[in-house]
Amino acid sequence: MARPQPPPWVHAAVLLCLLGLGGAIEIPMDLSQPPTITKQSVKDHIVDPRDNILIECEAKGNPAPSFHWTRNSRFFNVAKDPRVSMRRRSGTLVIDFRSGGRPEEYEGEYQCFARNKFGTALSNRIRLQVSKSPLWPKENLDPVVVQEGAPLTLQCNPPPGLPSPVIFWMSSSMEPITQDKRVSQGHNGDLYFSNVMVQDMQTDYSCNARFHFTHTIQQKNPFTLKVLTNHPYNDSSLRNHPDMYSARGVSERTPSFMYPQGTASSQMVLRGMDLLLECIASGVPTPDIAWYKKGGDLPSDKAKFENFNKALRITSVSEEDSGEYFCLASNKMGSIRHTISVRVKAAPYWLDEPKNLILAPGEDGRLVCRANGNPKPTVQWMVNGEPLQSAPPNPNREVAGDTIIFRDTQISSRAVYQCNTSNEHGYLLANAFVSVLDVPPRMMSPRNQLIRVILYNRTRLDCPFFGSPIPTLRWFKNGQGSNLDGGNYHVYENGSLEIKMIRKEDQGIYTCVATNILGKAENQVRLEVKDPTRIFRMPEDQVVKRGTTVQLECRVKHDPSLKLTVSWLKDDQPLYIGNRMKKEDDSLTIFGVAERDQGSYTCVASTELDQDLAKAYLTVLGRPDRPRDLELTDLAERSVRLTWIPGDDNNSPITDYVVQFEEDQFQPGVWHDHSKFPGSVNSAVLQLSPYVNYQFRVIAVNEVGSSHPSLPSERYRTSGAPPESNPSDVKGEGTRKNNMEITWTPMNATSAFGPNLRYIVKWRRKETRETWNNATVWGSRYVVGQTPVYVPYEIRVQAENDFGKGPEPDTVIGYSGEDLPSAPRRFRVRQPNLQTINLEWDHPEHPNGILTGYSLRYLPFNGTKLGKQMVENFSPNQTKFTVQRADPVSRYRFTLSARTQVGSGEAVTEESPAAPNEAYTNNQPDIVTQGWFIGLMCAIALLVLILLIVCFIKRSRGGKYPVREKKDVPLGPEDPKEEDGSFDYSDEDNKPLQGSQTSLDGTIKQQESDDSLVDYGEGGEGQFNEDGSFIGQYTVKKDKEETEGNESSEATSPVNAIYSLA
């Protein structure tokens, strides 16, 4: 960004420095000199009566001056009053009231005299006044009765105070009175109503006066208003009516002036003071005020408007501000004007103030006292506090109007002269002494000073000196003989040497020499030239979003012999580096930028000799400020106009306004979105629903985010009506197997349309032509009981309020509660090969609800050995599944059930077929040729033969015998059934025999027992002999579903073979 101009104080310092170059030469305090006043109280000195009184007067001189005072132009004897004392080495008066006394007794005009043997100096005439804050007089104020639309002035008339009190209006409960274009306070303290409205009587009005010195507030008894009106105030629609006055029956009137009255007035103001012009007008509608100056424009640099344009203030007026000003009050009924003639007068002001005069014996000189004012001031000369006419004659002194001329002065001419210039508006008093000295030159500053300056700057080398006669001063560089004056150098009267633009070659030693007829004095100054400090990479203007990080650069080049300091200003004030900021040598980083970070940032690179500035502006895009001053107008039955004042967009244009509403019946305190409007509007018509007590607020939106919501508007209730819609999302679902719960989404406040919103619920079984059942419900659910399991119902839900019923509702289908389903039908297990098993089934005959799927549990088994159970879940549409066998030997047991949301129903269980022998043998190793197998078979054959022989012998004897399944374990005498001749048969949990066969269709054939004796009997049932022993046959059913071509591989029982031989 461009480098900024130096701050104003830099220019001021340069100006003061240059003014000081031509100033009067001061006499060193070790030399004899007349008194000089150095400090005094202001001319109009107002004091607090609760404090001690202090009247200041201080002076210097050699010898030190003594002091005395006059009061009301008469000598004031300080020693005679015990309350009055004078500070040591000072003329300041202290009046102490700690021991009693009244401050008012000391009011008057005081003047201080400072005297030594060379003359007397005078202070200004100091007017001492004690601050006053009188009480308001007690008064009983009757109610003020006024017609609506009429003008009214409530007079304050505060008690006179010193200084004048500050006036303000409040209610008796200390609430400030709201002021605007219609109601405002005048400069005289009165409260003006351009036209009275009925709402003005909602409060009372009390004038208050605040007194500065005593810090007290006096309150006047309050005014009470009674407004006569044609319309009651409770009609809120008239308050917001676009033509409010006519709507309320108030006659419209052209403007007239309440203050000042008439068409013209005049005003006088003193030069240098503020001019305040005021025009307050009545009228209906409230008039607007505009200001003009006849024959010219208002001074734009000094003029400003106050009090809703009813006052014009021009600061620090001068003679050219005189003239005619007029105010124009206008409304739609007409306009009037008032002319104010302004005259500018002036108290005396200096044109040429007299200055101290230092002369050597025999020299000439003069004192000049020139002042101006309106009217023209007079000039009076005094010497040592006495009129010049009364002083002893001095042949070396001549008075010529505003000038005193001295010729061939001598030591006896030393004195203090006073010039008093005055007119009817004030006075000026100045002291100037004449001192006659014989003093050789002397230097007043330290010797051999070091001055360091910056290249190309203007600089000044000081060489303060004194001497009488006033010495002449010359400057030399590096001991050269030529005098430095002219060109790049300039020597001032006080001895200072100015170098207009410093160059590198100006570095060196400078000598100043002061000479008069009494001698010579000199001093030296060493000048060093340094490189300037420059910011070569300046911070740039940036636009950032809130919450981001921004870096401002500031890279500096400076003289290495000088210490550099880099600091930052924000909005021209020192920047506080908080924890969100990081300051480095060449940059400033701000983390998480917030709205308060917006502003100008100035990098200040400074050394002890100079500084450079660079400024950049940081714009923060923030969320907009909240809208304000919401107003409802155009109130209709189903619509209203909402108007608002936009808040600050915080540098990011507002894109949208979101209008929200809240109602206090269904969901009080909950805000809902109503509508959305473009960011370019601030007024919109809102469509409303019946029987809603609306309250609105507005949210502004820009690219950064949303503002805080505005303060809510006033409420507006619409009238009621029957509902225009019915509840949505109507459902009928069972929560138990014998019920149906009907639910719906309840209607909100904007669709209720009236009080006592309720719902008429109807239901009947579908396709039965039953009459409708109905119930009235205030909630959002109804449960129908004693329903069949999972049957369809027709359902209707209709809204109703006190104004009537809603439209005919739609019919929806619901279902009563579900139950567990029956078992799947026709569960089939097929084994097309040794690797896979195929499962198929049909849906349950009674689903009792909506099927959610099927669950299959299955596990492999081989005899009593069980494998790991596995679970599969299927969708309701799946009726097939294929199982990959883990091995070709094990069989599988399958359990299948259907599911509804209630749970799993009845299960059906099937097993996979056993593997066929040939399939089994084909997959087994050939063990027939193994030696161990042949030996085993021979042993088994021998045992069987022995068993048959034993059985035959026992049968022939008729004894009991046990029948055992063929096992490797021999019969033992411990078997308890063996003793009583009982028969015992076990299939060991139906473990399949290795010799069993499987049909081609995958079903398992039942096995026949190899050890049954029934085959040898005569009949189908078992028979007993005469001693009761069992000799019948034991049979096993054969599979009736053998596939054609698959013959049984049942082995012939060895017992049968032996029996047949017999």
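In this text the structure is predicted, and so the values were computed from the model without any measurement. (Residues numbered from 1 in each chain as written. Predicted model: local features only at pLDDT ≥ 70, side-chain atom pairs only at ≥ 80, totals over all residues. Heavy atoms only, no water.)

## Some words on the overall build of the chain
Helix and strand counts for the chain come out as 8 helices and 79 strands. Each of the 1062 residues in the chain was classed as buried or not, and the buried ones make up 42%. Put simply, 64% of the contacts in the chain that link residues at least 6 apart link residues at least 24 apart. A total of about 57400 Å² of accessible surface is found on the chain, and carbon and sulfur atoms cover 49% of it. (Helix = DSSP H or I, 4+ residues; strand = E, 2+ residues; numbered from the N terminus. Buried < 20%, exposed > 50% of the residue type's maximum accessible area, 1.4 Å probe, protein only. Contact = heavy atoms within 4.5 Å. Areas by Shrake-Rupley, 256 points an atom, 1.4 Å probe, with all protein chains shown as cover.)

## Focus on the environment of Ser-131
Within the secondary structure, Ser-131 sits in the loop between strand 11 (126-130) and strand 12 (144-147). Counting along the chain gives 83 residues from Ser-131 to Thr-214, while the straight-line C-alpha distance between them is 7.7 Å. If near-sequence neighbours (up to four positions away) are discounted, Ser-131 is found in contact with Ile-46, Val-47, Pro-49, Leu-162, Pro-163 and Phe-213. Within the structure, Ser-131 has its side chain in polar contact with the backbone oxygen of Leu-162 (distance 2.7 Å). (Polar contact = N/O pair within 3.5 Å; in protein donor to acceptor, adjacent residues only side chain to side chain.)

## Describing the pattern of salt bridges
For the coordinates displayed, the defined rule picks out 49 salt bridges. Ionic pairing is found between Arg-503 and Glu-505, a salt bridge with its closest N-O pair at 3.7 Å. On the accessibility criterion, Arg-503 (32% relative accessible area) is partly exposed. Through salt bridges with shared partners, one network takes in Arg-537, Glu-553, Arg-555 and Asp-586. (Salt bridge = Lys/Arg side-chain N within 4 Å of Asp/Glu carboxyl O.)

## A short note on the confidence of the model for the chain
The pLDDT averaged across the chain works out to 85; a share of 85% of its residues lies at or above 70. The low-confidence segment residues 5-23, where pLDDT is below 50, has 13 contacts with residues more than four positions distant or belonging to other chains. Low pLDDT, under 50, characterises residues 233-242; the predicted model gives this stretch 17 contacts beyond four residues in sequence or across chains. (pLDDT = per-residue confidence, 0-100.)

## Side note on the sheet that holds strand 68 (residues 781-785)
Strands sit in the order 64-65-68 across an open sheet of 3 strands; the sheet is antiparallel. Both outer strands of the open sheet, strand 64 (728-733) and strand 68, are each paired with one neighbouring strand and no more. Strand-to-strand twist in this sheet, taken as the mean axis angle between neighbours without regard to direction, amounts to 10°. Bridge count for strand 65 (residues 739-745) against strand 68 is 5 bridges, and the pairing is antiparallel. Each residue of the ladder has a partner; that of Thr-743, found in strand 68, is Arg-781. (Pairing = 2+ DSSP bridges. Axes fitted to C-alpha atoms, helices over the stretch in contact; angles between N-to-C directions.)

## Describing the nonpolar core
If you look at the biggest cluster of nonpolar residues, it comprises 30 residues, and the most contacted ones within it are Ile-53, Ile-55, Trp-69, Leu-93, Tyr-106 and Tyr-110. Those elements that place two or more of their residues in this core are strand 3 (53-55), strand 4 (57-62), strand 5 (66-71), strand 8 (93-95), strand 9 (108-116) and strand 11. (Core = buried A, V, L, I, M, F, W, Y, C linked by side-chain atoms within 4.5 Å.)

## Comments concerning the packing of aromatic side chains
Throughout the structure, instances matching the rule amount to 19 aromatic pairs. Here Phe-661 and Tyr-694 contribute two aromatic rings whose centre-to-centre distance is 5.5 Å and whose plane-to-plane angle is 65°, an arrangement assigned as edge-to-face. Here Phe-661, found in strand 59 (residues 656-662), pairs with Tyr-694, found in strand 62 (residues 693-701); they are 33 residues apart in sequence, far enough to count as distant. By relative accessible area, Phe-661 is classed as buried at 7%. Aromatic rings pair up to connect Phe-827, Trp-841, Tyr-854, Phe-874 and Phe-881 into one cluster. When the ring centre of Tyr-427 is taken as origin, the NZ or CZ atom of Lys-43, which lies over that ring, is 4.1 Å away. Lying across the ring of Tyr-427, Arg-125 places its NZ or CZ 3.9 Å from the centre. (Phe/Tyr/Trp six-rings, centres within 6.5 Å; stacked < 30°, edge-to-face > 60°. Lys NZ or Arg CZ within 6 Å of the ring centre and 35° of its normal.)

## What to know about the sheet that holds strand 51 (residues 565-570)
Spatial strand order, 48-56-55-51-52: 5 strands in an open sheet with mixed pairing. Each edge of the open sheet carries a strand with a single partner, namely strand 48 (542-545) and strand 52 (573-574). In the sheet, strand 51 pairs with strand 55 (residues 599-606) via 6 bridges, with the strands oriented antiparallel. Residue pairing across strands places Lys-570 opposite Tyr-601, the latter belonging to strand 55.

## Description of the state of the cysteines
Counted according to the given criterion, the structure contains 6 disulfides. Cys-463 shares a disulfide with Cys-512; S-S distance 1.9 Å. Looking along the S-S bond of the Cys-463-Cys-512 disulfide, the torsion reads about 65°, which is the right-handed sense. Of this pair, Cys-463 sits in the loop between strand 40 (459-461) and strand 41 (465-468) while Cys-512 sits in strand 45 (residues 508-516); the two residues are 49 residues apart in sequence, bridging distant segments of the chain. Residues Cys-463 and Cys-512 agree in their burial class; the two are buried. One disulfide bridge connects Cys-554 with Cys-603, the sulfur atoms lying 1.8 Å from each other. With the S-S bond torsion at -75°, the cross-link from Cys-554 to Cys-603 turns out left-handed. Note that Cys-554 is positioned in the loop between strand 49 (550-553) and strand 50 (555-557) and Cys-603 in strand 55, a separation of 49 residues in sequence. The exposure classification of Cys-554 matches that of Cys-603, with both residues buried. For the chain, numbering the cysteines in disulfides from first to last along the sequence yields the connectivity 1-2, 3-4, 5-6, 7-8, 9-10, 11-12. (Disulfide = S-S within 2.5 Å.)

## Overview of the pairing of strand 61 (residues 683-687)
Of the two faces of strand 61, only the one carrying Ala-684 and Leu-686 is buried; Ser-683, Val-685 and Gln-687 on the other face are not. Sheet topology note: the strand 58 (residues 639-645)/strand 61 ladder contains 5 bridges and is antiparallel. Within the sheet, the bridge partner assigned to Leu-642 lies in strand 61 and is Ala-684.

## Points about the side chain of Gln-185
Along the polypeptide, Gln-185 turns up in strand 15 (residues 183-185). Side-chain polar atoms of Gln-185 contact the backbone oxygen of Ile-167, separated by 3.0 Å. Beyond its immediate chain neighbours, meaning those up to four positions away, Gln-185 contacts Ile-167, Phe-168, Trp-169, Gln-179, Asp-190, Leu-191, Glu-278 and Asn-307.

## Observations concerning a nonpolar patch on the surface
On the surface, Trp-932, Leu-936, Met-937 and Ile-940 cluster together into a nonpolar patch covering about 380 Å² of accessible area. Positionally, Trp-932 belongs in helix 6 (residues 931-957). (Patch = residues over 30% accessible without salt bridge, like charges linked within 9 Å, V, L, I, M, F, W, Y side chains within 5 Å.)

## What to know about unusual backbone geometry
For the bond running from Val-284 to Pro-285, omega is -5°, close enough to zero to count as cis. The residue Pro-285 is located in the loop between strand 23 (280-284) and strand 24 (288-293) in this model. That bond from Ser-468 to Pro-469 is cis: its omega, 5°, falls within 30 degrees of zero. Mapping Pro-469 onto the fold places it in the loop between strand 41 and strand 42 (472-477). Despite not being glycine, Asp-634 shows a phi value in the positive range, around 50°. Relative to the assigned elements, Asp-634 resides in the loop between strand 57 (628-633) and strand 58. With a phi angle near 55°, Asn-756 is a residue other than glycine that sits in the positive phi range.

## Description of the environment of Asn-488
Secondary-structure assignment places Asn-488 in the loop between strand 42 and strand 43 (489-491). Taking the relative accessible area as the measure of exposure, Asn-488 reaches 17% and is therefore buried. Asn-488 sits 14 residues away from Ile-502 along the chain, and the two C-alpha atoms are 8.7 Å apart. For Asn-488, the contacting residues outside a window of four places in its chain are Glu-498, Ile-499, Lys-500, Met-501, Arg-503 and Asp-506.

## A word on the side chain of Thr-120
The topology assignment puts Thr-120 in strand 10 (residues 119-122). Separated by 2.9 Å, the side chains of Thr-120 and Arg-115 make a polar contact. For Thr-120, the contacting residues outside a window of four places in its chain are Pro-35, Phe-113, Ala-114, Arg-115, Asn-384, Gly-385, Val-416 and Gln-418.

## Concerning the environment of Ser-316
Counting through the fold element by element, Ser-316 comes out in the loop between strand 26 (311-314) and strand 27 (323-331). According to the relative accessible area criterion, Ser-316 is partly exposed, its value standing at 42%. The contacts of Ser-316, once residues within four sequence positions are left out, are Gly-272, Met-273, Asp-274, Lys-302 and Asp-321.

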